[in-house]
Structures are given as C-alpha cells and as structure tokens.
Amino acid sequence: MKRSLTGLQPTNFLHIGNYIGAVQPAVALQSDTQLLMMIVDYHAITMPQDPKELRKNILSAAATYLGCGIDPAKTILFQQSRIAEHMELAWILQCVAKMGEAERMTQYKDKAKKAEGAKGAEGASVGLFTYPILMAADILLYDTEIVPVGEDQKQHVELARDLAIRFNRDFGETFVVPEPKIRAEGARIMALDDGTKKMSKSAPSAKSYIALTDDADTIRKKIMSAVTDSGTEIRTDRNRPAITNLLTIFSVATGRSIESIELAYVGKGYGDFKKDLAEAVVEYLGPIRGRILNFAADETELKRILAEGAEKAKGMAAFKMNKVRQRVGVTL
Ligand code: TYM
C-alpha cells in the first residue's frame with residue numbers, strides 16, 4: 001500500500017479552507033493508502049502560543065480530524081511532538097539544506113514580515129525560518145509517497161523532495177521522494193472579506209473565514225456578508241477573485257461543476273446566489289460540526305486515540321532513524 005501523510009497546525013480551529021484543501025483529500029486517501037495524519041504542535045510554536053490554549057487546541061484538532069472522517073482504525077493519527085525522531089531528522093536535514101533554499105520560502109517571508117510587529121524578520125523566531133525543514137523531516141521519516149496539501153504548502157513539499165534527492169545522492173538511497181497532491185479546484189480558498197487574500201486562521205476578522213465549528217446561523221451571516229466584486233454577473237473571472245472563490249466553495253460543497261452553477265444563476269442576483277450558497281455550506285458542514293462536538297466531549301478517548309497513533313508512528317520513525325544515523329556515520 002502506498003503511504004500518504006499530512007499535517008495541520010493546532011492553532012485556533014480549522015476553517016473550510018483547511019477542510020477543502022487538505023482534510024477532505026486526506027480522508028479520501030484513507031481507502032487506498034496508509035495515511036498518517038499529524039497534529040503538528042511543534043510547527044505551531046514557531047509563532048508565540050499560550051500553553052493552556054495550545055493544549056486545548058491539540059485536543060480539539062484531534063476531535064476535528066475525527067469529526068471530518070479520519071478513521072483511527074485505518075489511519076495513524078498522532079501528535080508530532082510525541083515522536084522525537086522528527087526533531088532529530090530535522091536537525092540532520094538542516095545540515096543538508098542550504099541557507100539560500102530556506103530563504104526562498106515565500107511563506108517564511110510573508111510570516112516573518114508580520115512577526116513581532118515592526119521588527120519584521122529580525123523579530124521572527126529561528127524556528128519560523130527552519131520550519132519547512134521540520135516539515136521535510138515529518139514527510140521523509142515515514143517513506144511518504146503522497147502529501148495532500150493546499151496550494152500554499154507546495155513549495156515546502158518541493159523542498160522535501162529536493163532534500164530527499166540530495167541526501168540519497170550524498171549518503172546512498174535512504175528516502176522516498178514524495179509528491180504533493182494538490183486538488184485542481186479549492187486548493188486555495190480565499191478570505192470571505194477579501195478575495196485577494198488566502199482564508200487564514202490568524203486573520204483578525206472572524207468574518208473572513210468559516211470555522212468547521214460555526215453553527216448554521218453564523219455560516220449564513222458570514223456568507224451573506226461576504227464581499228463580491230464589482231459587476232453583477234455570477235461567473236468565474238481572474239479579475240473577480242471574490243465571486244470566483246464563492247463559486248469554488250459552492251462547487252466543492254455540492255459536487256456540482258462551476259459551469260452548471262454559473263448557468264443556474266444567469267440573470268439572477270448575488271442575493272439569491274448567496275442564500276443558496278449559505279444553505280449548501282450549512283448542509284456540507286453541518287454533519288461534520290455535530291461529529292466534532294461529539295468527539296470533543298470525550299477527552300479521555302481523544303488521548304487514548306492519540307497515544308495509540310503515537311505508538312504506531314514511533315515504531316516506524318525509530319526504524320527509519322536507525323538507517324539515517326548509519327548513513328550519516330554516527331552509528332558506531
Ligand atoms: P497549516 O496548518 O497552515 O494548514 C493546514 C493545511 O490546510 C491547507 N490550507 C488551505 N487550503 C486551501 N485554502 C486555504 N485557504 C488554506 N489554508 C490552509 C494547507 O495548505 C495545509 O495543507 N506546514 C503545514 C503543516 C505541516 C505539514 C507537514 C503538511 C507540517 N508538517 C507534513 C504536510 C506534511 C502547515 O502549517 O499547514
């Protein structure tokens with residue numbers, strides 16, 4: 001069986017962009033690949049986190065994945081920080097990666113600009129800079145072939161590929177070279193209040209995203225107040241990112257093609273379109289929300305599932321690290 005792996009940061013809650021871009025594709029991979037699903041808590045601390053909140057968020061991330069359909073009988077669901085081998089391999093890969101490569105990562109450049117207010121990159125943590133290399137370690141440690149991610153993580157998966165190829169060349173065949181799996185539609189869901197910005201957990205306004213735990217009324221309100229572009233036509237257009245984004249969400253939520261939705265709204269206004277879109281999203285996320293809340297209510301069970309996942313991941317990671325240490329020359 002092929003192996004697939006993905007990870008999400010336990011910061012706040014997950015939004016519909018995370019679900020469409022990464023979680024739903026991962027859930028689909030459970031049937032024909034061995035999926036490893038990670039809560040990347042050590043990625044989360046590259047930005048300041050309140051320890052009490054982080055603990056809560058790790059548990060709610062577990063409840064969210066389970067609510068989205070991650071099945072612990074098939075999938076290894078675990079917390080990254082439980083497996084020390086991730087950090088050990090990250091160190092070795094930091095010695096393989098080049099400064100220039102890390103400096104080219106666009107997400108680092110964007111996040112560093114925002115870090116520590118006016119201080120910019122000077123005030124960003126070193127962890128924020130090396131974060132893509134920890135991500136490469138996450139992927140390479142498990143001989144991952146497929147990495148389902150949203151568009152914004154493509155460059156990081158490409159770095160993991162480059163590091164695997166370089167390590168194999170310099171130390172002998174060790175790592176599988178992974179492939180990103182990025183969906184054609186919905187790999188980059190945009191903010192509801194600004195069609196030119198990615199929907200993001202850290203956005204200052206709650207109106208910009210739909211959280212997977214938003215109730216039906218909140219979803220309706222957020223969609224009704226979503227910005228639209230100038231003009232009245234309901235049709236995708238590179239120069240009209242807001243309506244294009246809403247059409248993408250509509251299409252993914254209903255499984256209908258964008259063309260058929262465009263056709264259905266010829267001659268109709270944004271009001272009708274948004275009302276129907278809101279109902280489609282309520283129907284799409286409603287059952288997931290119910291399941292997330294159910295799982296979240298049983299902390300003991302969540303911890304049990306994570307402990308079981310960590311045990312399985314640990315065995316695989318330990319096996320691989322033995323080989324890596326030998327290759328590098330530190331095993332006597
Ligand atoms: P993170 O936590 O920022 O995002 C989790 C996943 O959600 C996708 N995503 C989106 N997809 C579509 N539209 C959006 N607006 C949107 N926002 C986020 C992301 O692309 C991602 O797939 N570094 C990673 C986590 C990670 C990881 C890994 C992923 C760590 N190790 C190993 C894969 C394999 C991150 O911070 O994702």
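Being a predicted model, the structure only gives us computed values, none of them experimental.

A. Structural detail: the overall build of the protein. Each helix and strand counted, the protein has 13 helices and seven strands in total. For 332 residues, the compact-globule formula gives about 20 Å, and the C-alpha radius of gyration of the protein, at 21 Å, lands near that figure. With the C-alpha coordinates of the protein rotated into their principal frame, the extents come out at 75 × 45 × 40 Å. Here the protein, with 332 residues, has 50% of them falling under the buried criterion.

B. Region of the structure containing the site of the ligand. Within the structure, the ligand sits among 29 residues, and Gln9, Tyr131, Asp138, Asp152 and Ile189 are positioned closest to it. At 2.6 Å, a side-chain N or O of Tyr131 approaches an oxygen atom of the ligand. At 2.8 Å from a nitrogen atom of the ligand is found a main-chain nitrogen or oxygen belonging to Ile189. Within the complex, the protein chains bury 97% of what would otherwise be the 720 Å² of accessible surface of the ligand. Comparing atom positions with the cavity grids shows the ligand to sit within the largest pocket. Broken down by class, the residue content of the shell around the ligand amounts to 13 nonpolar, 11 polar and five charged. Taken domain by domain, the shell around the ligand gets at least three of its residues from each of domain 1 (2-181 + 299-328) and domain 2 (190-294).

C. Just the pairing of strand E7 (residues 194-198), in detail. When strand E6 (residues 190-191) meets E7, the two strands line up antiparallel, connected through two bridges. Each residue of the ladder has a partner; that of Met190, found in E7, is Lys198. Between the antiparallel neighbours E6 and E7 lie two residues.

D. Examining the packing of helix H3 (residues 51-67) against helix H12 (residues 270-296) more closely. One way to put it is that H3 packs onto H12 with a least axis distance of 8 Å and a crossing angle of 135 degrees. Considering the angle they form, H3 stands oblique to H12. As H3 packs across H12, the resulting crossing turns out to be right-handed. Of the residues in H12, those touching H3 at Ala63, Thr64, Leu66 and Gly67 are Ile288, Arg291, Ile292, Phe295 and Ala296.

E. Highlighting unusual backbone geometry. Its identity is not glycine, yet Asn12 carries a phi of approximately 55 degrees, on the positive side. When you line up the elements, Asn12 lands in the loop between strand E1 (2-8) and helix H1 (16-29). With relative accessibility at 40%, the residue Asn12 sits in the partly exposed group. A positive phi angle is found at Asp143, which is not glycine, with a value near 50 degrees. For Asp143, a relative accessible area of 25% puts it in the partly exposed group.

Rules used throughout
- Residues numbered from 1 in each chain as written.
- Predicted model: local features only at pLDDT ≥ 70, side-chain atom pairs only at ≥ 80, totals over all residues.
- Heavy atoms only, no water.
- Helix = DSSP H or I, 4+ residues; strand = E, 2+ residues; numbered from the N terminus.
- Rg over C-alpha atoms; globule rule 2.2 N^0.38 Å.
- Buried < 20%, exposed > 50% of the residue type's maximum accessible area, 1.4 Å probe, protein only.
- Near = heavy atom within 4 Å.
- Polar contact = N/O pair within 3.5 Å; in protein donor to acceptor, adjacent residues only side chain to side chain.
- Areas by Shrake-Rupley, 256 points an atom, 1.4 Å probe, with all protein chains shown as cover.
- 1 Å grid on protein atoms, 1.4 Å probe; cavity = no way out; pocket = protein on both sides within 12 Å on 5 of 7 lines; lining within 4 Å.
- Sits in = over half its atoms within 2 Å of the grid points.
- Nonpolar A, V, L, I, M, F, W, Y, C, P; charged D, E, K, R; others polar.
- Domains from an automatic or database assignment.
- Pairing = 2+ DSSP bridges.
- Axes fitted to C-alpha atoms, helices over the stretch in contact; angles between N-to-C directions.
- Parallel < 35°, antiparallel > 145°, perpendicular 65-115°, else oblique.
- Left-handed = near helix turned anticlockwise from the far one by under 90°.
- Contact = heavy atoms within 4.5 Å.

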